[in-house]
Structure formats: structure tokens, C-alpha cells
Amino acid sequence: MAFSAHQFARDDLPRLNAFISANAVARAPVPVYLMTSDVAWRMPGSGPKQNLRLWEDAAGLAGFVWFEPTTGVEFDLRHDLPFDHPIATDMLVWSETRRREFAPAYPRFVDLQSMDEWSEEILRPRERAPDGQRWLTTVAFESDSARVALLERNGYRPTRHFMPDYRRDLSLPIPPSRLADGLQLRHVTEADLDERVAVHRGSWLRSTWSLETYLKIRASDVYDAELDIVLETGDGTFAAYCICWADSIAGVGSYEPVGTRPEWRGKGVGREVIYEGFRRLKAKGMRVARVGTAGFNTPAQALYESCGFVRVGTCRTYLKRLA
């Protein structure tokens, strides 16, 4: 059971992506904790490389931990390793040690129950450390009993916060586009970068998403410009957008992110970009589309379900107060 751990380096990225795809294949259809799309989306804002750590054993990459300052951590083991393996415990020990290097704080969104509460938190943030304690969150699918048992043995408790996990079979019929005059669906080009950043910022309250971040995402090994979809209006602005990500090994296409400007909501434009994503993912050989959102984001859930996504799982947030 010998193993070792080391800080992530840029040269490790192909191995990490291959590890994630292999886990997705082995555990199909669920649970999947991160897809390669999540790596591409999170990497630009993940902070220093010491927040991402890899574990190795005789068979190669055995697992990873991705600490997200200041109160979150994602982790996973290679699909052939059980969650009672010593590596799993070592991962949690490292995560908690890393968390203690940061100031006391309580997770910002873990108690929210609606998008109205989310907006209030964005506009008027609450005190982050009301009790002066350090808290840490991670996640587990409710169906993943071995992972749940690991967390509970180590003092983590389930919260009300969750992510519904959605799938859509791409062999099913995809509705044709029904755009009003003056609207068109297309993918982003080099000439669109500023407007592409603008539609993202306009779709999310007080977003600080930047051109620099977007360019880093576009430089990812798994980014495909043909899957960076926008709905353009007659004046050249974008009403809605999504980025799809095709994992050719797993045969799964992911959506991350999806957004619509407030003035265009309720007009079907978000549904149109999702349908266009279905068409393009299917053309690239994907069998299934996947999307998730916060459990309190009921408008997004209604949109995804109206597009034919079916909820296949619930990924629960677990919380621990560190001594």
C-alpha cells in the first residue's frame, strides 16, 4: 500500500484529465465528481498550484485533492481503489491541514435556499466567520455509500446544500431551432472576445469574470471553440451563451457554464443555446449530455428539465468544523 503525494505541476495536466475520464467511464452513468470540463473551468481561478495535490501508487495516479480557498475541497480516488484505502484518509488529513493555513471562515453559500438569498449574499455579504471557527466542505453523491461513510467517519456531516445531477440521452430527438427574426446561433470567434465576456458578466450578478480568465479557458487542452455557443441579437450583442465540453473517452458532453442576460430571460433563448449544444455534442460523437447546478437554483433546474435533462443523482455538500 505504499503511496506518495506531490504538488500539481502543469506537466501533470494530461494525466489528471486522463484519470478523470477513466473514472467517468468506470463509474458510468454516475457518480462523477469532476469532468475534464470542470478542470478547464476552475484552473484559471484556482490560485497557487499548492492547492492541487496528486497521490501516486504503484499503478500510477491514485487520486487528487483540489482545495478551493477558503472553505471547499474536491477530491477523488482512482476507480479501482476503495474509499477505506489509506490514501483517502491521507487526502482528508492534507485537506484539513491546508484549510488551517487560512483564516477562520464559514462557507458562504452552504445554507442558502433560493436564488433570492443568493442575490442578497452577493449584494450584502454576511460575516464569514461569525464563530471564529474554520470550516471545510466537500461533496458526495447520496448513492455513493462508501464515500459517505468515509466522510462521516472523519467528522463530516450532511448539509441542506446539494447539486442535482442531470443527464440527457443524445440519441433522443433534438427539437429544431425556432429563432425569432434577427437572432442567430453560432460559436464564438476571435472577433467576439469582449462581447463574450460581457454576456457572461451580464448574466451573473456582480460577476468579476475577466478577459484574462476567458483567454486562459480558451487555451485549455480540452476547449473547443465550436462548442462555445452564443445567441446573437440583431444589434450584435449576445443574449445567451453556453460552453460545452466533449470528453471523447467518456462519451459525455458537459455544460459549464450556461447563462442568459436578465432582459432576455423567459423568452426561450437559454433553451435554444442548450439545444444547439445537444446538436454539436452529438455531431462530435457524444452519447450523453450532463449539467448540474446548485440545489437552490430552481430557475436553472426548470430550464434544464424543459430541455429534456433527467435528474439522475444528488450530490450532497458535507461540512466539518475543524478543531
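Residues numbered from 1 in each chain as written. Predicted model: local features only at pLDDT ≥ 70, side-chain atom pairs only at ≥ 80, totals over all residues. Heavy atoms only, no water.

*Asks:* Help me understand the overall build of the protein, please; the structure alone is not making it clear to me.
*Replies:* Check the secondary structure of the protein and you find 9 helices and 12 strands. Its C-alpha radius of gyration of 20 Å places the protein within 12% of the 20 Å reference for a compact globule of 323 residues. The principal-axis extent of the C-alpha atoms belonging to the protein is close to 60 × 45 × 35 Å. When each of the 323 residues of the protein is scored for burial, the buried share is 52%. (Helix = DSSP H or I, 4+ residues; strand = E, 2+ residues; numbered from the N terminus. Rg over C-alpha atoms; globule rule 2.2 N^0.38 Å. Buried < 20%, exposed > 50% of the residue type's maximum accessible area, 1.4 Å probe, protein only.)

*Asks:* What's the story with helix H5 (residues 145-153) in this structure? I'm lost.
*Replies:* Counting along an α-helix, one turn takes 3.6 residues, and residues three or four places apart therefore face a common direction. Along H5, the residues classified as buried are Arg147, Val148, Leu150 and Leu151. Angular distribution of buried residues about the axis of H5 spans 155°; they occupy a single face of the element. Exposed side of H5, more than 90 degrees from the buried face: Ser145 and Arg153 are the residues found there. Packed against the buried residues of H5 are strand E4 (72-77), helix H3 (86-99), strand E5 (134-141) and strand E12 (310-322). Residue Gly155 follows H5 closely and has a positive phi angle near 90°. (Arc of directions from axis to C-beta. Contact = heavy atoms within 4.5 Å.)

*Asks:* Where do I start with the pairing of strand E10 (residues 252-260) in this structure?
*Replies:* If a strand is regular, its side chains alternate between the two faces of the sheet. In terms of burial, E10 is largely enclosed, as 8 of its 9 residues are buried. Pairing of strand E9 (residues 238-247) with E10, which is carried by 7 bridges, proceeds in the antiparallel orientation. Among the inter-strand pairings, Cys244 is bridged to a residue of E10, identified as Tyr255. Linkage of E9 to E10, two consecutive antiparallel strands, is achieved through a turn of 4 residues, within which Gly251 is found at a positive phi near 70°. Inspection of the sheet shows E10 paired to strand E11 (residues 288-292) by 3 bridges, in the parallel sense. (Pairing = 2+ DSSP bridges.)

*Asks:* Sorry if this is basic, but what is going on with the state of the cysteines here?
*Replies:* Put plainly, a disulfide is one covalent bond tying together the sulfur atoms of two cysteines. For the structure shown, the criterion picks out 0 disulfides. Free of any disulfide, Cys244 has its nearest cysteine sulfur in Cys242, 4.1 Å distant. Residue class for Cys244 comes out buried when judged on its relative accessible area of 0%. (Disulfide = S-S within 2.5 Å.)

*Asks:* I tried to follow the nonpolar core on my own but got confused; where do I start?
*Replies:* The nonpolar side chains of a soluble globular protein tend to be buried with one another. Of all hydrophobic cores here, the largest spans 27 residues; its most connected members are Tyr255, Val273, Ile274, Phe278, Leu281, Tyr304 and Phe309. Looking at this core, the elements with two or more residues in it are strand E8 (228-232), E9, E10, helix H8 (269-283), E11 and helix H9 (298-306). Other than its neighbours up to four places away in sequence, Ile274 contacts Tyr255, Val258, Leu303, Tyr304, Cys307 and Phe309. In terms of nonpolar packing, the next biggest core, distinct from the first, is built from 25 residues, Tyr33, Ala62, Ala88 and Met91 among them. (Core = buried A, V, L, I, M, F, W, Y, C linked by side-chain atoms within 4.5 Å.)

*Asks:* What am I meant to see in the packing of aromatic side chains here?
*Replies:* Aromatic rings in a pair are described by how distant their centres are and how their planes are angled relative to each other. Taken as a whole and assessed by the stated rule, the structure comprises 16 aromatic pairs. Taking the centre distance of 5.2 Å and the plane angle of 45° together, the rings of Phe67 and Phe102 count as tilted. Taken as a pair, Phe67 in strand E3 (residues 60-68) and Phe102 in the loop between H3 and helix H4 (115-123) lie far apart in primary sequence, 35 residues in all. Judged by relative accessible area, which is 0%, Phe67 ranks as buried. With a centroid separation of 6.2 Å and 65° between ring planes, the pair formed by Tyr166 and Tyr304 is classed as edge-to-face. Placement of the pair is Tyr166 in strand E6 (residues 157-169) and Tyr304 in helix H9, with a sequence separation of 138 residues. Exposure remark for Tyr304: the relative accessible area of 6% places this residue in the buried category. (Phe/Tyr/Trp six-rings, centres within 6.5 Å; stacked < 30°, edge-to-face > 60°.)

*Asks:* What should I look at first to understand the environment of Ser248 in this one?
*Replies:* Residue position: Ser248 is located in the loop between E9 and E10. Note on Ser248: relative accessible area 66%, which makes it exposed. It is 10.0 Å that separates the C-alpha atoms of Ser248 and Val222, two residues lying 26 residues apart in sequence.

*Asks:* Any chance you could explain the side chain of His200 here in plain terms?
*Replies:* Of note, His200 is situated in helix H6 (residues 193-203). On the accessibility criterion, His200 (6% relative accessible area) is buried.

*Asks:* Can you help me understand the packing of H8 against H9 in this one?
*Replies:* The angle between the axes and the distance between the axes are what describe a pair of packed helices. One way to put it is that H8 packs onto H9 with a least axis distance of 10 Å and a crossing angle of 50°. With respect to H9, the axis of H8 lies oblique. As H8 runs across H9, the sense of the crossing is right-handed. Residue-level inspection shows Gly270, Arg271, Ile274 and Tyr275 of H8 in contact with H9, the latter providing Leu303, Tyr304 and Ser306. For the contact of H8 with H9, the residue count by class is 4 nonpolar, 2 polar and 1 charged. (Axes fitted to C-alpha atoms, helices over the stretch in contact; angles between N-to-C directions. Parallel < 35°, antiparallel > 145°, perpendicular 65-115°, else oblique. Left-handed = near helix turned anticlockwise from the far one by under 90°. Nonpolar A, V, L, I, M, F, W, Y, C, P; charged D, E, K, R; others polar.)

*Asks:* Honestly, the pattern of salt bridges in this entry has me stumped. Any pointers?
*Replies:* A side chain of one charge can pair with a side chain of the opposite charge if their charged atoms are brought near each other. Applying the stated rule across the entire model yields 27 salt bridges. Linking Arg78 and Asp57 is a salt bridge whose minimum nitrogen-to-oxygen distance equals 2.9 Å. Here Asp57 lies in strand E2 (residues 52-57) and Arg78 lies in the loop between E4 and H3, a separation of 21 residues in the sequence. Each member of the pair, Arg78 as well as Asp57, carries the same accessibility label: buried. (Salt bridge = Lys/Arg side-chain N within 4 Å of Asp/Glu carboxyl O.)

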